[in-house]
Amino acid sequence: MPVARYFLLVGGVLLALLFLLNEVLPQLPVAERVAEAGPNKSVIRISSDRKWPERVVFDTNMPTIVPAIAPALVAKAEAAVPAPVAEVSAQARGLQAFAQLKPSEPTKPEPKPQRKRKIAKTRVAPPMVVVAQQPRFGFFGNDTW
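Description of the overall build of the protein chain
Link 1 in the chain: Broken down by element type, the protein chain carries 4 helices and 0 strands.
Link 2 in the chain: Taking all 145 residues of the protein chain together, 0% fall into the buried category.
Link 3 in the chain: For the protein chain, the accessible area works out to roughly 17,300 Å², and carbon and sulfur atoms hold 64% of it.

Examining the confidence of the model for the protein chain
Fine structural detail should not be taken from predicted coordinates in areas where pLDDT scores are low.
Link 1 in the chain: Here the protein chain averages 77 in pLDDT, and 68% of its residues register 70 or above.
Link 2 in the chain: Here helix α2 (residues 29-37) stands out as the element of the protein chain with the lowest mean pLDDT, 60, in contrast to helix α1 (residues 2-24), whose mean of 94 is the highest.

The rules we used
Residues numbered from 1 in each chain as written. Predicted model: local features only at pLDDT ≥ 70, side-chain atom pairs only at ≥ 80, totals over all residues. Heavy atoms only, no water. Helix = DSSP H or I, 4+ residues; strand = E, 2+ residues; numbered from the N terminus. Buried < 20%, exposed > 50% of the residue type's maximum accessible area, 1.4 Å probe, protein only. Areas by Shrake-Rupley, 256 points an atom, 1.4 Å probe, with all protein chains shown as cover. pLDDT = per-residue confidence, 0-100.

Quick look at the structure:
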């Protein structure tokens, strides 16, 4: 296991170098000031001159108010209504409407014009040339040891 031994050796050297540099090099002055002052607790307040419209509240607890209709409009509406014909149910009116429909003669849909089909030309592949391949060099893909 030479790879595991390499990682153990290099990792140990780097860790020892880190501890050694921590003791030898001086501490940064910025880090000391931040540690003494504590965390930054400044508050940024943003104000705007733009005012939003007031909130609209719909009161759904009150009953609906029916607007009073002017008497002149009521008189005009009554005059415009024709005299009622015999009361007929909605189903009977629907059947009567269907009875008055004239059946349309079924027509055959026109056939769509056929597109002219394109036939691909047959092509002959170029002859394959066989060439000798150089052996690979390196750690990856090298099958010979």
